[in-house]
Amino acid sequence: LTDLPGELLELILCCDVLGAADIGRVSCTCRRLREACQPRGKGCEILMVLFLCALWFRWPSLLKYYSHTDGVSWLEEYKARHNAGLEAQRIVASFSKRFFSEHVPCDGFSDIETLGCPSHFFEDELMCILNMEGRKGLTWKYYAKKILYFLRQQNILKNLKEYLQRPTERQSFLEGAVLIDQYCNPLSDICLKSVQAQVDDITDKVRKVLRTKNPRHPSLASKAGEVCVPEVELQRQVLDAMNCVLYEQLKYKGNELDYYNSLNSYIHQVLIRRTGIPISLSVLYLTIARQLGVKLEPVNFPSHFLLRWCQGKEGSTDIFDYTYIDAFGKGKQLTVKECEYLIGHHVTEEFYGVVTSKEVLQRMVGNLLNLGKRESTDQSYQLLRDSLDLYLAMYPDNVQHLMLQARLYFHLGIWPEKVLDILQHIQALDPSQHGAVGYLVQHTLEHIERRKEEVGPEVKHRSDEKHKEVCFSIGLIMKHKRYGYNCVIYGWDPACMMGHEWIRNMNVHSLPHGPHQPFYNVLVEDGSCRYAAQENLEYNSEPREIPHPDIGRYFSEFTGIHYLANTELEIRYPEDLELTRATVQKIYSSGKE
């Protein structure tokens, strides 16, 4: 090839049967061929198209990042994406070894924050890992999800802080709701553009209804956001058309049956499920009304968020100059007295006043905080952690919520260094908290010292005499005899290792073998982790995947009958894999137990 004339060599390299990988291999051969493969000269357009096609074919999700393709070096883009993929794979592979025995610490993502590659390329590779087909790569998927969660939340938090710094008139209520939604659901495909498009679609439906009632209505002649409807009667026509579309045609309604479901607070879920709570439905209602020229205002009414509609002079401070709208109650228009009937008691005039977008977000996040405290199955308290992050992003010096965050991390046994930072900040803000701060500081320092003393993982060999009574092994799908739940074993002890208080509370002594029998750590299908006695477990006659969020922390693959321990778990139970395979062969080979 090197003896060929340059034009002929270029013609060969631009042949459509060669792919990007072929060109890459040729370019690695020698300097002459490397220079020939550079997209310069007469054939540069063809080579550029080659790498453009290779980029789209291999990573089609990247298309959204390119609005203008002029001047883009597709070879450089391809190389950058390829290198970002290698870097992402290296980091994901390292996480299991580094963080198997603990939650990823607050400084565990430090090497990700200083990436030498474009972040969207890195995220794209993480998404590729998460979308791998089949039941393999569970550990990679587990840590890729954690890293992606962190990266996206950091970016959303940055956008939220920028949003809060804008002048009030530039703070869209819908955008604020989307930011909260994105932060609590960072792995979902939620964007303001998509949500706004769905709201615009509803607005267009309202215009159609409005056109049948009043073809000359001013809301029909102008684009969204440019119209202002001054007359009360014309505004009433808009609100009537909105109620017709939202509540009669589209069947939106307040979710009275499942009021405390967190999905009611997420604006993209409100649009999908067509139900929500007063504040989320009010944000949607207010946004549509303003796009049609009716200026509704948010009212932070106790127990039930409302909107107000001015019937008198604009900007009036008289609460009786307003009609109050209940978006949760199908757009019902209320008087002051009816608002009090709604919640069952009298309130002072201050609660009828308009609130800012920041105060609306504060109430939305406050709702999520309360839901996070109520959750019982999520042992990671993810919703509570996320809502605390959001609240403290808006009010970083709120001592009450800082203390709650410190106590939460302390309770979960994670991020002790961050706990100390939070406690130091609390002490500086409010010295009267020294008692609670001192207690947490002392126990957090003890936790850090215990962690330093850890010499390595405990290895449990089945050949040890003390383990001879252990019947089940890591990775087996089991069923609880008493409670009927399905689970998978990820650890075991030759006898109950819990304290006396736990043994007493769980009534372990009532079991025939009491605490003096093997106990198993199991991941349960409802998302919980439990510690079950051997006599309460039995082989599952119909083994199936266990949908637990931590499954990838311990297992690398689901075979269809049992789980395969990942490298770190296998180190701790080196003889279990062979026993699991033998057990599975014995129990399930005939299709019977």
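First things first, this report covers the structure right here in the doc.

What counts as what
- Residues numbered from 1 in each chain as written.
- Predicted model: local features only at pLDDT ≥ 70, side-chain atom pairs only at ≥ 80, totals over all residues.
- Heavy atoms only, no water.
- Helix = DSSP H or I, 4+ residues; strand = E, 2+ residues; numbered from the N terminus.
- Buried < 20%, exposed > 50% of the residue type's maximum accessible area, 1.4 Å probe, protein only.
- Contact = heavy atoms within 4.5 Å.
- Core = buried A, V, L, I, M, F, W, Y, C linked by side-chain atoms within 4.5 Å.
- Expected span 1.5 Å × (residues − 1).
- Pairing = 2+ DSSP bridges.
- Axes fitted to C-alpha atoms, helices over the stretch in contact; angles between N-to-C directions.
- Phe/Tyr/Trp six-rings, centres within 6.5 Å; stacked < 30°, edge-to-face > 60°.
- Salt bridge = Lys/Arg side-chain N within 4 Å of Asp/Glu carboxyl O.
- Polar contact = N/O pair within 3.5 Å; in protein donor to acceptor, adjacent residues only side chain to side chain.

Along the backbone of the protein chain there are 23 helices and 13 strands. With the C-alpha coordinates aligned to their principal axes, the bounding extent of the protein chain is approximately 90 × 85 × 55 Å. Taking all 593 residues of the protein chain together, the buried fraction comes to 48%. Restricting the contact set of the protein chain to residue pairs at least 6 apart, pairs at least 24 apart contribute 60%.

Once that is clear, we can look at the nonpolar core. Formed by 82 residues in total, the largest nonpolar core has its most connected members in Ile-202, Met-242, Leu-246, Tyr-252, Tyr-285, Ile-288 and Leu-296. Residues contacting Met-242, with those up to four places away along its chain left out, are Val-206, Tyr-247, Tyr-285, Ile-288, Ala-289 and Leu-292. Counting residues in hydrophobic clusters, the runner-up holds 31 residues, among them Met-478, Val-522, Ile-546 and Tyr-554.

Compared with an ideal rise of 1.5 Å per residue, which puts 18 residues at 26 Å, helix H11 (residues 232-249) spans 24 Å between its outermost C-alpha atoms and is within 8% of the ideal. Regarding H11, the residues found buried are Leu-234, Gln-235, Val-238, Leu-239, Ala-241, Met-242, Asn-243, Val-245, Leu-246 and Tyr-247. Buried residues belonging to H11 abut helix H10 (192-213), helix H13 (278-291), strand S4 (306-310), strand S5 (322-326) and strand S6 (332-334). Backbone geometry just downstream of H11 places Lys-251 in the positive-phi region, at approximately 65 degrees.

Reading across the sheet, the four strands line up as S3-S4-S5-S6 and stay open at both edges, with antiparallel pairing between neighbours. Of all strands in the sheet, those with a lone pairing partner are strand S3 (297-299) and S6, marking the two edges. On average, adjacent strands in this sheet sit at an angle of 40 degrees to one another, irrespective of strand direction. Lying on the sheet, H11 is in contact with S4, S5 and S6; it crosses S4 at an angle near 150 degrees.

A separate point is the packing of aromatic side chains. On inspection of all chains with the given rule, the structure shows 17 aromatic pairs. An angle of 65 degrees between the planes, with centres 5.3 Å apart, marks the rings of Tyr-324 and Tyr-352 as edge-to-face. Taken together, the residues Tyr-324 in strand S5 and Tyr-352 in the loop between helix H14 (336-343) and helix H15 (357-374) connect sequence positions 28 residues apart. The pair Tyr-324 / Tyr-352 is uniform in exposure class, with both members buried. Considering the side-chain rings of Phe-472 and Tyr-520, the 5.5 Å spacing of their centres and the 45 degrees angle between planes classify their relative orientation as tilted. Within this pair, whereas Phe-472 is found in the loop between helix H19 (434-453) and strand S7 (477-480), its partner Tyr-520 is found in strand S9 (residues 519-524), the two being separated by 48 residues in sequence. Here Tyr-520 falls in the buried class, since its relative accessible area comes to 0%. Through a chain of ring-to-ring contacts, the aromatic side chains of Phe-95, Tyr-142 and Tyr-143 assemble into a single cluster.

A separate point is the side chain of Ser-96. Among the secondary structure elements, Ser-96 is positioned in helix H5 (residues 74-99). When its relative accessible area of 10% is taken as the criterion, Ser-96 is described as buried. Among residues more than four places away in sequence, those in contact with Ser-96 are Thr-139, Tyr-143, Asn-566 and Glu-568.

With that settled, the discussion passes to the environment of Phe-122. Among the structural elements, Phe-122 can be located in helix H7 (residues 119-130). Remark: the alpha-carbon pair of Phe-122 and Leu-86, spanning 36 residues in sequence, is separated by 9.1 Å. When sequence neighbours within four positions are dropped, the list of residues in contact with Phe-122 reads Ala-84, Glu-87, Ala-88, Ile-91, Ile-112, Leu-115, Cys-117, Ile-147 and Leu-151.

Within the structure shown, the criterion is met by 20 salt bridges. Here Glu-297 ties to Arg-308 by a salt bridge, and the two come within 2.9 Å at their closest N and O atoms. Of this pair, Glu-297 sits in strand S3 while Arg-308 sits in strand S4, and the two are eleven residues apart along the sequence. Given the relative accessible area of 17%, Glu-297 is considered buried. Where Arg-544 meets Glu-525, a salt bridge forms, and the shortest distance between an N and an O atom there is 3.9 Å. Taken together, the residues span a long stretch of sequence, with Arg-544 in the loop between strand S11 (537-539) and helix H21 (551-554) and Glu-525 in the loop between S9 and strand S10 (529-533) at a distance of 19 residues.

Another aspect to go through is helix H17 (residues 399-412). Counted at 1.5 Å a residue, the expected span for H17 with its 14 residues is 20 Å, and the 20 Å between its end C-alpha atoms agrees. Within the sequence span of H17, burial applies to Val-399, His-401, Leu-402, Met-403, Gln-405, Ala-406, Leu-408, Tyr-409 and Leu-412. On its buried side, H17 packs onto H15, helix H16 (382-394), helix H18 (416-429) and H19. N-capping of H17 is provided by Asn-398, with a side-chain oxygen placed 3.3 Å from the backbone N of Gln-400.

When you tally the buried positions in S5, you get five out of five residues, the bulk of the element. Neither face of S5 is left uncovered, since the one carrying Tyr-322, Tyr-324 and Asp-326 and the one carrying Thr-323 and Ile-325 both have all their residues buried. Where S4 lies against S5, four bridges are found, and the strand directions are antiparallel. The residue of S5 that forms the bridge with Trp-309 is Thr-323. In this sheet, S6 lies alongside S5 in antiparallel orientation, the contact comprising three bridges. Looking across to S6, one finds that Tyr-324 is bridged to Leu-334. Joining the antiparallel neighbours S5 and S6 is a turn of five residues, in which Lys-330 adopts a positive phi near 60 degrees.

Adjacent strands of a sheet pair through backbone hydrogen bonds, lying either parallel or antiparallel. Spatially, the five strands line up as an open sheet ordered S10-S9-S8-S7-S11, and their pairing is antiparallel. Across the chains shown, the open sheet's two edge strands, defined by having one partner strand only, are S10 and S11. Here the average twist between neighbouring strands, direction ignored, is 50 degrees. Relative to S10, S9 is paired through five bridges, and the arrangement is antiparallel. By the bridge assignment for S10, Asn-521 is matched with Tyr-531.

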